[in-house]
There are 2 protein chains.
Amino acid sequence: MHELQERIKHEGQNLGRGILKVDGFINHQVDADLMMKAGSELGRRLAHVDATKVLTAEISGIAPALTTALALHVPVVYARKSKPITMPEQVYRDTAPSHTKGKMVELLVSPEVLQATDRVLIVDDFLATGQTIAALARIVQASGATVVGIGTVIEKTFEGGRELLSAQLSVPIESLVVIADMSNGQIVFG
Amino acid sequence: MHELQERIKHEGQNLGRGILKVDGFINHQVDADLMMKAGSELGRRLAHVDATKVLTAEISGIAPALTTALALHVPVVYARKSKPITMPEQVYRDTAPSHTKGKMVELLVSPEVLQATDRVLIVDDFLATGQTIAALARIVQASGATVVGIGTVIEKTFEGGRELLSAQLSVPIESLVVIADMSNGQIVFG
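All values reported here derive from a predicted model rather than from experimental measurement.

1. Regarding the overall build of chain A
Next up, step 1: When helices and strands are counted, chain A shows five helices and 11 strands.
Next up, step 2: A principal-axis box enclosing the C-alpha atoms of chain A has dimensions of 45 × 35 × 35 Å.
Next up, step 3: When burial is assessed residue by residue, chain A has 56% of its 190 residues classed as buried.
Next up, step 4: Within chain A, contacts between residues at least 6 apart in sequence are counted, and of these 63% link residues at least 24 apart.
Next up, step 5: Of the roughly 7300 Å² of accessible surface on chain A, 49% is carried by carbon and sulfur atoms.
Next up, step 6: When the 18 positive and 21 negative side-chain charges of chain A are each reduced to one mean point, those points stand 3 Å apart.

2. Concerning the packing of aromatic side chains
Next up, step 1: Across all of its chains, the model carries zero aromatic pairs over all chains by this definition.
Next up, step 2: The ring of Phe 126 of chain A has Lys 156 of chain A lying over it, and the distance from NZ or CZ to the ring centre is 5.4 Å.

3. Some remarks on the sheet that holds strand S4 (residues 53–57) of chain A
Next up, step 1: Within the open sheet, the seven strands sit side by side as S11(A)-S10(A)-S9(A)-S8(A)-S4(A)-S5(A)-S3(B). Their pairing is mixed. The strands lining the two open edges of the sheet, one partner per strand, are strand S11 (188–189) of chain A together with strand S3 (29–30) of chain B.
Next up, step 2: The pairing of strand S10 (residues 173–181) of chain A with S11 of chain A spans two bridges and is antiparallel. What sits directly across from Asp 181 of chain A, in S11 of chain A, is Val 188 of chain A.
Next up, step 3: In the packing of helix H4 (residues 131–143) of chain A onto the sheet, the strands contacted are S4, strand S5 (76–79), strand S8 (119–127) and strand S9 (146–156) of chain A, and the crossing angle to S8 of chain A comes to about 165°.
Next up, step 4: On top of the sheet, helix H5 (residues 161–168) of chain A reaches S8, S9 and S10 of chain A; it is set at about 145° to S10 of chain A, its chief contact.

4. Details of the interface of chain B and chain A
Interfaces are often sized by the accessible area lost when the parts come together.
Next up, step 1: Contacts between the two partners involve 44 residues from chain B, matched on the other side by 44 residues from chain A.
Next up, step 2: Here chain B and chain A share an interface that buries about 3600 Å² over both sides, 61% of which is from carbon and sulfur atoms.
Next up, step 3: At the junction of chain B with chain A, the criterion picks out two salt bridges.
Next up, step 4: Among the ionic pairs, Glu 112 of chain B bridges to Lys 21 of chain A, the shortest N-O distance being 2.9 Å.
Next up, step 5: Put simply, chain B and chain A have 18 residue pairs in polar contact (both at pLDDT 80 or more) between them.
Next up, step 6: Among the secondary structure elements, those contributing two or more residues to the side of chain B that touches chain A are strand S2 (20–21), S3, helix H2 (32–46), helix H3 (62–72), strand S5 (76–79) and strand S7 (104–109) of chain B.
Next up, step 7: A total of six residues in the side of chain B that touches chain A trace back to one element, the largest contributor, which is H3 of chain B.
Next up, step 8: When its residues are assigned to classes, the side of chain B that touches chain A shows 25 nonpolar, 10 polar and nine charged.

5. Some remarks on the pattern of salt bridges
All names here are of chain B.
Next up, step 1: Evaluated as defined, the whole model comprises 30 salt bridges over all chains.
Next up, step 2: Here Asp 31 ties to Arg 7 by a salt bridge, and the two come within 2.8 Å at their closest N and O atoms. You can see Asp 31 sitting in the loop between S3 and H2 and its partner Arg 7 sitting in helix H1 (residues 2–11), a full 24 residues away along the chain.
Next up, step 3: One salt bridge in this structure joins Asp 23 and Lys 21, with 3.1 Å as the shortest N-O distance.

6. Observations regarding the side chain of Lys 21 of chain A
Next up, step 1: Residue position: Lys 21 of chain A is located in strand S2 (residues 20–21).
Next up, step 2: Within the structure, Lys 21 of chain A has its side chain in polar contact with the backbone oxygen of Thr 86 of chain B (distance 2.9 Å).
Next up, step 3: Dropping the residues within four chain positions of it, Lys 21 of chain A is found in contact with Glu 11, Gly 12, Gln 13 and Leu 15 of chain A together with Thr 86, Pro 88 and Glu 112 of chain B.

7. Side note on the relation of the copies chain B and chain A
Next up, step 1: When chain B is fitted onto chain A, the two copies agree to an RMSD of 0.0 Å after a turn of 180° and an axial shift of 0.0 Å. The transformation just described matches what one would write down for a two-fold rotation axis. Ranked by how close their C-alpha atoms come to the rotation axis, the residues of chain B are headed by Ile 59 of chain B, at 3.2 Å.
Next up, step 2: The fraction of interface residues of chain B whose copies in chain A are also interface residues reaches 100%, indicating that both copies meet through the same surface.

8. Describing the nonpolar core
Next up, step 1: Ranked by size, the top nonpolar core spans 74 residues in total, and within it Leu 4 and Ile 8 of chain A together with Leu 4 and Ile 8 of chain B carry the most contacts.
Next up, step 2: Ignoring anything within four residues of it in the chain, the contact list for Leu 4 of chain B reads Phe 25, Ile 26, Leu 34, Val 153, Leu 176 and Val 177 of chain B.

9. Focus: the sheet that holds strand S4 (residues 53–57) of chain B
Next up, step 1: In spatial order, the strands read S3(A)-S5(B)-S4(B)-S8(B)-S9(B)-S10(B)-S11(B); together these seven strands make up an open sheet with mixed pairing. Only two strands of the sheet have a single partner each, and these edge strands are strand S3 (29–30) of chain A together with strand S11 (188–189) of chain B.
Next up, step 2: In terms of strand pairing, strand S8 (residues 119–127) of chain B meets strand S9 (residues 146–156) of chain B through eight bridges, oriented parallel. Across the sheet, the residue bridging to Arg 119 of chain B is Thr 146 of chain B, located in S9 of chain B.

10. Things to note about the confidence of the model for chain A
Next up, step 1: Summing up the model confidence of chain A, the mean pLDDT is 96 and the portion of residues at 70 or higher is 99%.
Next up, step 2: Interface scoring of the predicted complex returns ipTM 0.97; its pTM is 0.98.

11. Focus on unusual backbone geometry
Next up, step 1: Residue Glu 58 of chain A is joined to Ile 59 of chain A through a cis peptide bond whose omega torsion reads 10°.
Next up, step 2: With respect to the helices and strands, the residue Ile 59 of chain A is situated in the loop between S4 and helix H3 (62–72).
Next up, step 3: At Asp 50 of chain B, a position not held by glycine, the phi torsion is positive, near 55°.
Next up, step 4: A positive phi angle, near 55°, is found at His 73 of chain B, a position not held by glycine.
Next up, step 5: For His 73 of chain B, the location among the structural elements is in the loop between H3 and S5.
Next up, step 6: Of the residues examined, His 73 of chain B reaches a relative accessible area of 56% and is grouped as exposed.

Cut-offs used in this document
- Every chain is numbered independently, its residues counted from 1 as its sequence is written.
- Whichever chain is written first becomes A and whichever ligand is written first becomes 1, with later ones labelled in order.
- Reporting in this predicted model follows two pLDDT cut-offs: at least 70 for local features of residues, and 80 or more for side-chain atom pairs to be given and counted; totals over whole chains, interfaces and linings ignore these cut-offs and use all residues.
- Working from all heavy atoms in the structure, the side-chain values ignore hydrogens and water.
- We count a stretch as a helix when DSSP gives it H or I for four or more residues in a row; a strand needs E for two or more, and each element gets its number in order from the N terminus.
- Only protein chains enter the area calculation, which uses a 1.4 Å probe; residues under 20% of their type maximum are buried, those over 50% are exposed, and those in between are partly exposed.
- Residues are treated as being in contact if the distance between any of their heavy atoms lies within 4.5 Å.
- Accessible surface is estimated by sampling points in the Shrake-Rupley manner with a 1.4 Å probe; for residues, cover comes only from the protein chains shown.
- Under the convention used here, Asp and Glu are negative, Lys and Arg are positive, and both His and the chain ends fall outside the count.
- Where a charge lies is defined by one atom per residue type, namely NZ (Lys), CZ (Arg), CG (Asp) and CD (Glu).
- Only Phe, Tyr and Trp rings take part, Trp by its six-membered ring, and two of them pair if their centres are within 6.5 Å. Stacked means planes under 30 degrees apart, edge-to-face means over 60, and tilted covers everything else.
- Lysine and arginine charges are scored as sitting over a ring when NZ or CZ, respectively, is within 6 Å of the ring centre and within 35 degrees of the ring normal.
- Strand pairing follows a simple DSSP-based rule, namely that at least 2 bridges must link the two strands.
- Axis definition: a line fit to C-alpha positions, over the contact stretch in the case of helices; interaxial angles, taken between N-to-C directions, run 0 to 180 degrees.
- Summed over both partners, the accessible surface that disappears when two parts come together, traced with a 1.4 Å probe, is what is meant by buried area.
- Here, a salt bridge means any Lys or Arg side-chain nitrogen found within 4 Å of an Asp or Glu carboxyl oxygen.
- Pairs of N or O atoms within 3.5 Å make up the polar contacts considered here, provided that, within protein, one atom can donate a hydrogen while the other can accept it, and that residues adjacent in sequence are counted only when both atoms are side-chain atoms.
- Residue type decides the class: Asp, Glu, Lys and Arg count as charged, Ala, Val, Leu, Ile, Met, Phe, Trp, Tyr, Cys and Pro as nonpolar, and the leftover types, Gly among them, as polar.
- Copy-to-copy alignment: least squares on C-alpha atoms, limited to residues at pLDDT 70 or above in both.
- For our purposes a nonpolar core is just a set of buried Ala, Val, Leu, Ile, Met, Phe, Trp, Tyr and Cys residues, chained together by side-chain atoms within 4.5 Å.
- Every residue is assigned a pLDDT by the predictor, reflecting its confidence on a scale from 0 to 100.

Rendered as structure tokens:
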């Protein structure tokens, strides 16, 4: 997606250790119209998987997952990282290491929002190590529902997430912008 | 907004102590199309304030704030509750008591995403005590920007938020559904 790549080229910052700062338009301030274009493009590329639901993890997955769900006209579920008072006692629960927080985070989904008949498209802002998406996929499998596709806004291929997920799931994986290298302060597109 | 009120009537649950469970369509699973209608309606009612930016608090404010921003074609900023590695050292910071978590939460906004020239529309899922919105308004004021309006999806008038905010800010406050009473297990619309 050319427009998104141009924004990353001009406004993204390589903070080192694989951290890409895009919080001026992706994950603190969100360029709403650009995010709608990103969701529409993910929806277009993944329409053929016939998803009944989009699943993401709070917080920064919410914007791209919502715009993809808007494009596909299906509901979106965001896994919570802490349990709100409104969530039932028994929930689907898994954990994943957070790249930017340096610790394990919990992912919680209410059984009320995942049915065994659901065909689930997992969407997130980044595909890096793939650990968060793998944890979401385990939650889908625990519910009896089916993972039918994965869509992300930015993929960092050098962190191996695609290999991890491809080894576990036979589903299409789509990313709108691919970054192949961030060593030595560079941002090299793939 | 009739469609939203009907959904609350049929699927909302009064959990007691003013807690309204709407996590099947508002704040865990989100009915994307309904949320787009809600954002469009908030955008329509508040178009006249000429906002340059929408501001909300993560997590459950993100969906209505993003759809309002889509309707108005402006960026949306979500205040973070913990500091990501991508945020600069010096940030705007305030605190508000969380109704559903029973503790104080921090709200953090990077100075990079609020300019003194910004006209800020604050959007959240609920208007209850108004404390979170008041904290967001203090952050806007600290940045030198101007709060020009407040929009929420569901207002619980019996918690006094509108009075609190009206005493502090002379701006339009719009809510799509008003709940006047939740005592004795009821959900009474206003």
